[in-house]
Amino acid sequence: MAAIFCIIDGMTDEHWSETQKEMPCWNQIGQQGAVGLLQTTPSGQLADSVGCILRLLGYTGADACRGWIEALGCDIPFAADDLLLRASWMTFDKRGCSTGFAVSPLKLPTREQGICYYSLGGYKAMLVLQHGAPILTQLRTCAPHQHFGAPVEGLLPKGSEVLTAYIKKYCTAEQILIPWGPAGAGSLPAFSRPAVLLAGCSTALGIGRALHLPVLHPNGATGDVDTDLSAKAAAALQAAELYPLVILHINGADEAGHRKNWEEKKAFLQQVDAFVFTPLLQSGHCLLFTADHGCSPETGGHLQNLQPFVLYGTMHRGNLGILPAATGLQLLCSRV
């Protein structure tokens, strides 16, 4: 018997109680096993997938490494003294306020003025500032998905004239590239348990590589709502034959929330319940299902709320209350 830890990125929101009613497997697991809430975002901090997922896996103090994690997840080359940034193409209205994500309007040069540009598809991109790590302490950025409706001028990075000039050069009348999550090359201690991580999005893949875990990208895994959920569940069950712990990350709910599309998010979570939770429950393995953070389809931003979990196949029953983020994994593995 193995343990399967399923993290549904951005699962909860203002409508969670309504969505949960139409997730029969989630509810069945909660009735037969244990439930509770996990504190994935410390008080006063913004919810970010990297920090929240790492806290679920037992790591703290690693919130300022987003660019490095994304570079690892996307196989982007970098040097020890490079500055790494995630970036998002954003739309803005006539008032200059951000309105949502946009597809890259043009093909940027792959290298210009010491800046390397990498398209990650859709609205996502990466920037690598060669030899730029020394400015990390003075650079200030904003995660654009936390500031929908804000003036884009206020979302521009501060502390690098080269970076600001680069952004303004490729700004159009309606779209702009906003870099965020700056980081230099980092390091984290290897994960303490024999495990494997399965994911389709670069963030989760990068976390697995940063923790020196075997990483699998299942066929059809896209990191969005069009991901092949049945294939991901099958891959997780196959991995459970080889590893005592399988970490399965599913990202589509977060993307739907960023698009401010509650119906899309709700439908996706119902599919997760049917095509992931159900076959995993039938497998007989120990299970933990939870979220890293919430994502609001009302604002498009992340939420700092407590994250519900369901735990199955262990000695624990009933409502376990509010627990630190890493306690869920400890409870899951206590009998495995």
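Residues numbered from 1 in each chain as written. Predicted model: local features only at pLDDT ≥ 70, side-chain atom pairs only at ≥ 80, totals over all residues. Heavy atoms only, no water.

Participant: Help me understand the overall build of the chain in this model?
Facilitator: Counting its secondary structure elements, the chain contains 10 helices and 16 strands. For the chain, whose C-alpha radius of gyration is 20 Å, the value lies close to the compact-globule estimate of 20 Å for 336 residues. Principal-axis analysis of the C-alpha atoms gives the chain an extent of 60 × 40 × 35 Å. Relative to its 336 residues, the chain shows a buried fraction of 57%. (Helix = DSSP H or I, 4+ residues; strand = E, 2+ residues; numbered from the N terminus. Rg over C-alpha atoms; globule rule 2.2 N^0.38 Å. Buried < 20%, exposed > 50% of the residue type's maximum accessible area, 1.4 Å probe, protein only.)

Participant: Help me understand the layout of surface pockets, please; the structure alone is not making it clear to me.
Facilitator: Rolled over the atoms, a probe with the dimensions of a water molecule shows which regions are left empty. Considering only enclosed or pocket space, the largest pocket measures out at about 530 Å³ in volume. Counting residues per element, the lining of the largest pocket draws most heavily on strand 8 (residues 175-183), at three residues. Along the lines of polarity and charge, the residues of the lining of the largest pocket split into 10 nonpolar, six polar and four charged. Of the voids in this model, the second largest pocket is the one considered here, and its volume is about 290 Å³. Taken together, 17 residues form the lining of the second largest pocket, with Leu120, Gly121, Lys124, Cys201 and Thr222 sitting closest to its centre. Split by residue class, the lining of the second largest pocket holds six nonpolar, eight polar and three charged. (1 Å grid on protein atoms, 1.4 Å probe; cavity = no way out; pocket = protein on both sides within 12 Å on 5 of 7 lines; lining within 4 Å. Points joined across faces, edges and corners; volume = space filled by probe spheres on them. Nonpolar A, V, L, I, M, F, W, Y, C, P; charged D, E, K, R; others polar.)

Participant: Explain the packing of aromatic side chains to me, please; I cannot follow it from the model alone.
Facilitator: Working definition: an aromatic ring pair is given by the centre-to-centre distance plus the angle between the planes. Tallying each qualifying case throughout the model produces six aromatic pairs. Ring geometry for Phe277 against Phe289: centres 4.1 Å apart, planes inclined by 10°, an arrangement best described as stacked. You can see Phe277 sitting in helix 9 (residues 262-282) and its partner Phe289 sitting in strand 12 (residues 286-290), a full 12 residues away along the chain. In this structure Phe277 comes out as buried when scored by relative accessible area, which is 0%. Through successive ring pairs, a cluster of aromatic residues spans Trp16, Trp26, Phe277 and Phe289. (Phe/Tyr/Trp six-rings, centres within 6.5 Å; stacked < 30°, edge-to-face > 60°.)

Participant: Would you take a moment to explain empty space enclosed by the protein for this structure?
Facilitator: Considering all chains together, one arrives at one cavity of 30 Å³ or more under this definition. Of the volumes computed, that of the largest cavity is approximately 160 Å³. Along its surface, the largest cavity is lined by 20 residues, and Arg66, Arg86, Asp254, Glu255 and His258 are the ones closest to its centre. Secondary structure elements with two or more residues in the lining of the largest cavity: helix 4 (66-73), strand 3 (83-92), helix 6 (202-210) and helix 8 (252-258). Ranked by residues supplied to the lining of the largest cavity, first place goes to helix 8 with three residues. By residue class, the composition of the lining of the largest cavity is four nonpolar, eight polar and eight charged.

Participant: I'm lost on the sheet that holds strand 1 (residues 3-8) in this one. Help?
Facilitator: Either a parallel or an antiparallel arrangement is found when strands of a sheet pair, and the pairing is made through backbone hydrogen bonds. Pairing is mixed in the open sheet, where eight strands are placed in the order 10-9-11-1-12-15-2-16. The open sheet has two edge strands, strand 10 (215-216) and strand 16 (318-324), and neither has a second partner. Here five bridges tie strand 2 (residues 34-39) to strand 16, and the two strands are oriented parallel to one another. If you follow Val35 over to strand 16, its bridge partner there is Asn319. (Pairing = 2+ DSSP bridges.)

Participant: What is the right way to read the pairing of strand 4 (residues 98-101) from this model?
Facilitator: Note on strand geometry: in a regular strand, side chains alternate between the two faces of the sheet. Pairing analysis gives three bridges linking strand 3 to strand 4, with the strands arranged antiparallel. For Thr91, the partnering residue across the bridge sits in strand 4 and is Gly100. The turn joining strand 3 and strand 4, which pair antiparallel and follow one another in sequence, is formed by five residues; a positive phi near 85° is taken by Gly96.

Participant: Would you mind going over the pattern of salt bridges with me for this structure?
Facilitator: When charged atoms on two side chains of opposite charge get close, those side chains can pair. Under the definition given, this model contains 13 salt bridges. Across the salt bridge formed by Glu255 and Lys124, the nearest N and O atoms sit 2.9 Å from each other. Of the two residues, Glu255 sits in helix 8 while Lys124 sits in strand 7 (residues 124-129), which places them 131 residues apart along the sequence. For the pair Glu255 and Lys124, a shared accessibility class is recorded, and that class is buried. Between Arg259 and Glu264 there is a salt bridge, with its nearest N and O atoms 3.1 Å apart. Owing to a relative accessible area of 36%, Arg259 belongs among the partly exposed residues under this scheme. (Salt bridge = Lys/Arg side-chain N within 4 Å of Asp/Glu carboxyl O.)

Participant: What exactly am I supposed to notice about the packing of helix 4 against helix 6 here?
Facilitator: For any two helices packed against each other, the geometry is given by the interaxial angle and the distance between the axes. For the pair helix 4 and helix 6, the least separation of the axes is 7 Å and the interaxial angle reads 95°. Accordingly, the angle class assigned to the pair helix 4 and helix 6 is roughly perpendicular. When helix 4 is examined against helix 6, the residues Arg66, Trp68, Ile69, Glu70, Leu72 and Gly73 are found in contact with a partner set consisting of Ser202, Thr203, Leu205, Gly206, Ile207, Arg209 and Ala210. (Axes fitted to C-alpha atoms, helices over the stretch in contact; angles between N-to-C directions. Parallel < 35°, antiparallel > 145°, perpendicular 65-115°, else oblique. Contact = heavy atoms within 4.5 Å.)

Participant: Would you mind showing me how to read the side chain of Ser296 here?
Facilitator: As for its placement among the helices and strands, Ser296 is situated in the loop between strand 13 (294-295) and strand 14 (302-303). Of the polar contacts made by the side chain of Ser296, one reaches the backbone nitrogen of Glu298; its length is 3.0 Å. There is a polar contact of 3.1 Å between the side chain of Ser296 and the backbone nitrogen of Thr299. Among residues more than four places away in sequence, those in contact with Ser296 are Asp13, Glu14, Gly257, Gly301 and Leu303. (Polar contact = N/O pair within 3.5 Å; in protein donor to acceptor, adjacent residues only side chain to side chain.)

Purely geometric numbers; function is a separate question.
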